[in-house]
Amino acid sequence: MSHVRTRFAPSPTGFQHLGGFRTAFFAWLLAKRHGGEFLLRIEDTDRERSVPGAIRFILEELAWFGIQPDEGPSKAELEQIGESWEGAPDIGGPCGPYIQSLRMVRYREVAEELIAKGFAYRCDCTPQMLERERNEQMARKELPGYSGYCRTRNVSADAPHVVRLKIPQKRAISFNDGVRGKVTWEQIQLRDTVLLKSDGSPTYHLAVVVDDHDMKISHVLRGVEWLSSTPIHLLVYEALGWEPPIIAHFPVVNGPDGKKLSKRTGAATSRDAREKGFLPEAVLNFVSLIGWAPGEGSDQEIFTRDELISKFSLEGINPASGVFDMIKMEWMNGLYIRNLDTADFIKRTAPFLKAAEVVIPDEMFAAIAPLVQERVKLLTEVPPMVEFLMDKPLERQIDAMFQKGIDVAKASEILTRSKACLEQLKEFSVTQIDQALRGVAVELGFKPGPAFAVLRVAVTGKTVTPPLFESFAVLGRDRVLSRIAEAIVLLKVM
RNA sequence: GGCCCCAUCGUCUAGCGGUCUAGGACGCUGGCCUCUCACGCCGGAAACAUGGGUUCGAGUCCCAUUGGGGUCACCA
C-alpha cells in the first residue's frame with residue numbers, strides 16, 4: 001500500500017459521542033497499521049454552528065485515549081480562532097493550517113479555478129427564489145432542487161452570489177468503497193450544489209475535497225451518512241484533475257433502542273465513560289469491536305492497542321450498522337480492571353475516592369484494594385465498597401441481619417460471643433479471625449452464611465462488602481470491636 | 001417519493017460453496033465453588049428475514065420481496 005495518511009475531521013458543533021470517536025480510532029488504526037500519519041482537521045466552516053470549547057473537548061478526549069495526531073492544529077492556529085487554552089497541545093505540521101476557517105483563501109482560489117474551467121458557476125438566486133421554486137416543484141410532485149437557472153447567466157462576481165457545481169444529471173458514476181466495494185449511481189440525481197456560500201466560505205463538499213487533496217490524505221474514512229454525497233466529491237476531484245483518495249464509509253452505531261446514539265444512551269461520550277469509571281483502554285478496545293472483527297476465524301476480543309494496530313484492516317469492517325451494548329462494555333471494563341496491577345488500580349481509583357469524599361489512609365486502602373479490584377466493573381463502584389473503612393459513624397442496614405431464622409435475640413448473641421472471641425485473639429490476623437468466627441457459628445449452632453451476615457452489617461453497615469475476615473483485619477481490632485458493641489446496643493432498643 | 005446502503009442468536013460477531021445437526025463473547029439461565037458480592041469452572045435456551053434461481057451441493061453466489069437506515073440545504 002502506498003503511503004497511508006488518514007484524518008479525523010470533526011466539526012466542532014458539540015460533543016463527539018463514542019460513535020464519532022470510533023471513526024477516529026479506525027482512521028488512526030489504519031494509519032498506524034501501515035506506518036503512516038493520522039491527522040486531525042477541524043471543519044469549522046459553519047461559524048454559526050461552532051460551539052466554543054468543542055475543539056478542546058476533542059483534543060482532550062483523544063489524549064485520554066492515548067491517541068496523538070501526527071499533524072493537526074498548532075497552538076498558534078488555536079489562538080487565531082480564539083480557542084486556545086492553558087496547556088493546549090501544539091501539534092502543527094507541514095500541511096497546515098489544520099483549521100478550515102483559516103484556509104478560506106485556498107477554497108476561493110479553487111472555486112475560481114472551477115469556474116474558469118467551466119465546472120462551476122456563480123448564482124445570485126435569492127433564498128426566496130429558491131424557496132418558491134422548491135414549492136412549485138413540490139406542488140407538481142417533482143423532485144425538489146435547484147433548477148440550474150444561473151448556469152448560463154454569467155452572473156457578475158461583484159454582486160453577492162454563491163458558486164455552484166455543475167452536476168450532470170444523466171451521467172452514471174461509481175467508485176470503489178473501501179468497506180462496501182463498488183457503489184454505482186445509474187444517474188446522478190443531485191442538483192447543482194453550492195460549493196462556496198455567499199459569505200465566501202466553502203461548504204463541506206468543497207472544503208473536504210480541497211483539504212484531503214492538499215493534505216495528501218490517502219484514505220477518507222467517514223460515516224455512511226456521507227455516502228450519498230460522494231458523487232459530488234468525485235465530480236470535484238475529476239474537474240480539478242485530482243486523483244481521489246480511497247473512500248470508505250463506516251456503518252453507524254446506534255443505541256440499544258436502535259436509534260442514533262445520543263446523550264440519553266448513558267456513557268455516550270467518552271467524558272461520560274470516564275466519569276463513570278471506564279478505563280480508556282477498555283473503551284478503545286470495546287468501541288473498536290463495534291463493526292470490526294479480526295476475522296480469519298479468530299475469536300479474540302481482548303486486544304492491546306498494539307494488537308489492534310497490527311490486526312486492523314478495512315476488510316474486517318462489517319458494513320451493517322451496529323448497536324452500542326453498554327452492558328458488554330462494562331463487562332470488558334471489569335476485565336481490564338482485574339488485569340491492572342494493583343498499584344495502577346490504586347492510582348486510577350484515587351480521583352474517584354476523592355470525588356466521593358471517601359478518605360482512607362493509603363496503607364489501609366492498599367490492603368483492601370486487591371479484594372475490591374476483582375469485584376468492580378466500574379471505578380465508581382469502589383468508593384461505596386470501601387466506605388466502611390472511613391473513620392466516621394456507620395449507617396447500618398439492620399434489617400439485613402435477620403436471615404434464615406435469625407431474630408434480634410440471636411443476632412445479639414452472635415455479636416456478643418464474636419466480640420468476646422475477637423477480643424481474645426493473640427493477633428488480629430485473617431486466619432485467626434476466620435477460626436474464631438467460624439468457631440462462634442458452630443458453637444451457637446448457626447450456619448456461617450447467616451451468622452456472618454449479622455457481623456457484616458454490624459461492622460460495615462452493608463450486605464455487600466469485600467470478604468469479611470480480610471475486611472476486619474484491615475479495619476483493625478479496635479474499630480471492629482467498637483462497631484460490634486454499637487450494633488449490640490442498637491439491637492437492644494429494637 | 002427518487003436514489004443509495006444494509007440484513008447470522010436479544011447484542012457484538014465467526015463463516016469468504018461441502019469440514020454448519022452454524023462456532024465464540026456479552027446478557028439470560030441451571031449447577032459447582034462460597035462468609036455477602038464478585039471471580040472462576042461445568043451445562044442450557046437462543047440466529048442464517050422471506051421467496052425464487054445458479055450449483056451435484058448454499059448462511060456463503062445472483063435476482064426479487066420484506067424490513068431497517070441514509071440522503072435529497074448557502075449544515076456538517
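**Student:** Give me the lowdown on the overall build of chain A, citing residues and values where you can.
**Tutor:** In terms of helices and strands, chain A carries 19 helices and eleven strands. The C-alpha atoms of chain A give a radius of gyration of 32 Å, which is well past the 23 Å a tight globule of 494 residues would have. Viewed in the frame of its principal axes, chain A has a C-alpha envelope of about 100 × 50 × 50 Å. Looking at the 494 residues of chain A, the share that counts as buried comes to 51%. Sequence-distant contacts in chain A: of pairs separated by 6 or more residues, those separated by 24 or more amount to 74%. As displayed, chain A has an accessible area near 23,500 Å², and 52% of this comes from carbon and sulfur atoms. Seen as two clouds, the 62 positive and the 65 negative side-chain charges of chain A have centres 4 Å apart.

**Student:** Residues and numbers for the pattern of salt bridges, please.
**Tutor:** One pass over the structure, following the stated rule, counts 29 salt bridges. The salt bridge partner of Asp 70 is Lys 32, with a shortest N-O separation of 2.9 Å. Within this pair, whereas Asp 70 is found in the loop between helix H2 (54–64) and helix H3 (75–80), its partner Lys 32 is found in helix H1 (residues 18–33), the two being separated by 38 residues in sequence. By relative accessible area, Lys 32 is classed as partly exposed at 26%. Residues Asp 214 and Arg 103 are paired through a salt bridge, measuring 3.8 Å at the closest nitrogen-oxygen approach. Of this pair, Asp 214 sits in helix H6 (residues 204–214) while Arg 103 sits in the loop between H3 and helix H4 (104–116); the two residues are 111 residues apart in sequence, bridging distant segments of the chain. Overlapping salt bridges bring together Arg 7, Arg 41, Glu 43, Arg 103, Arg 106, Glu 109, Asp 211, Asp 212 and Asp 214 as one network.

**Student:** Summarise the environment of Gly 14; cite the residues concerned and give the values.
**Tutor:** Its location among the elements puts Gly 14 in the loop between strand E1 (5–8) and H1. C-alpha separation for the pair Gly 14 and Gly 82, spaced 68 residues apart in sequence, amounts to 17 Å. If we skip the residues at most four places from it in the chain, Gly 14 touches Val 51 and Ala 54.

**Student:** So, the pairing of strand E9 (residues 246–250): which residues are in play, and what are the values?
**Tutor:** Within E9, four of the five residues are buried, which leaves it mostly tucked inside the rest of the structure. Note that the unit made of strand E8 (residues 219–223), helix H7 (residues 230–240) and E9 has a crossover that is right-handed.

**Student:** Run through the protein's contact with RNA strand B, naming residues and quoting values.
**Tutor:** Around RNA strand B, the surrounding shell holds 62 residues, and the nearest of these are Arg 180, Gly 291, Glu 301, Arg 375 and Arg 456. In RNA strand B, atoms within 4 Å of the protein come 69% from sugar and phosphate. Thr 463 places a polar main-chain atom, nitrogen or oxygen, 2.9 Å from a sugar or linking oxygen of RNA strand B. Every element with two or more residues in the surface near RNA strand B is listed here: helix H5 (127–139), strand E4 (162–165), strand E6 (181–185), strand E11 (322–323), helix H11 (326–339), helix H17 (448–460) and helix H18 (468–475). Grouping the constituent residues of the surface near RNA strand B by class yields 28 nonpolar, 15 polar and 19 charged.

**Student:** Kindly report on the confidence of the model for chain A, identifying the contributing residues and their values.
**Tutor:** Of all residues in chain A, 99% attain a pLDDT of 70 or more, and the chain-wide mean is 92. In the predicted complex, the global pTM is 0.94; the interface-specific ipTM is 0.95.

**Student:** Give me the lowdown on helix H9 (residues 280–288), citing residues and values where you can.
**Tutor:** When you tally the buried positions in H9, you get eight out of nine residues, the bulk of the element. Next to the buried residues of H9 lie H1, H2, helix H8 (270–276), helix H10 (305–311), H11 and helix H12 (342–355).

**Student:** Any details on the state of the cysteines? Residues and values, ideally.
**Tutor:** One pass over the full model with this rule turns up zero disulfides. Just so you know, Cys 125 is unpaired, no disulfide at all, and the nearest cysteine sulfur is the one on Cys 150, 3.5 Å from it. Given the relative accessible area of 14%, Cys 125 is considered buried.

Thresholds, definitions, all that
- Residues numbered from 1 in each chain as written.
- Chains lettered and ligands numbered in written order.
- Predicted model: local features only at pLDDT ≥ 70, side-chain atom pairs only at ≥ 80, totals over all residues.
- Heavy atoms only, no water.
- Helix = DSSP H or I, 4+ residues; strand = E, 2+ residues; numbered from the N terminus.
- Rg over C-alpha atoms; globule rule 2.2 N^0.38 Å.
- Buried < 20%, exposed > 50% of the residue type's maximum accessible area, 1.4 Å probe, protein only.
- Contact = heavy atoms within 4.5 Å.
- Areas by Shrake-Rupley, 256 points an atom, 1.4 Å probe, with all protein chains shown as cover.
- Lys, Arg positive; Asp, Glu negative; His and termini not counted.
- Charge placed at Lys NZ, Arg CZ, Asp CG, Glu CD.
- Salt bridge = Lys/Arg side-chain N within 4 Å of Asp/Glu carboxyl O.
- Right-handed = clockwise from strand over helix to strand, strands pointing away.
- Near = heavy atom within 4 Å.
- Polar contact = N/O pair within 3.5 Å; in protein donor to acceptor, adjacent residues only side chain to side chain.
- Nonpolar A, V, L, I, M, F, W, Y, C, P; charged D, E, K, R; others polar.
- pLDDT = per-residue confidence, 0-100.
- Disulfide = S-S within 2.5 Å.

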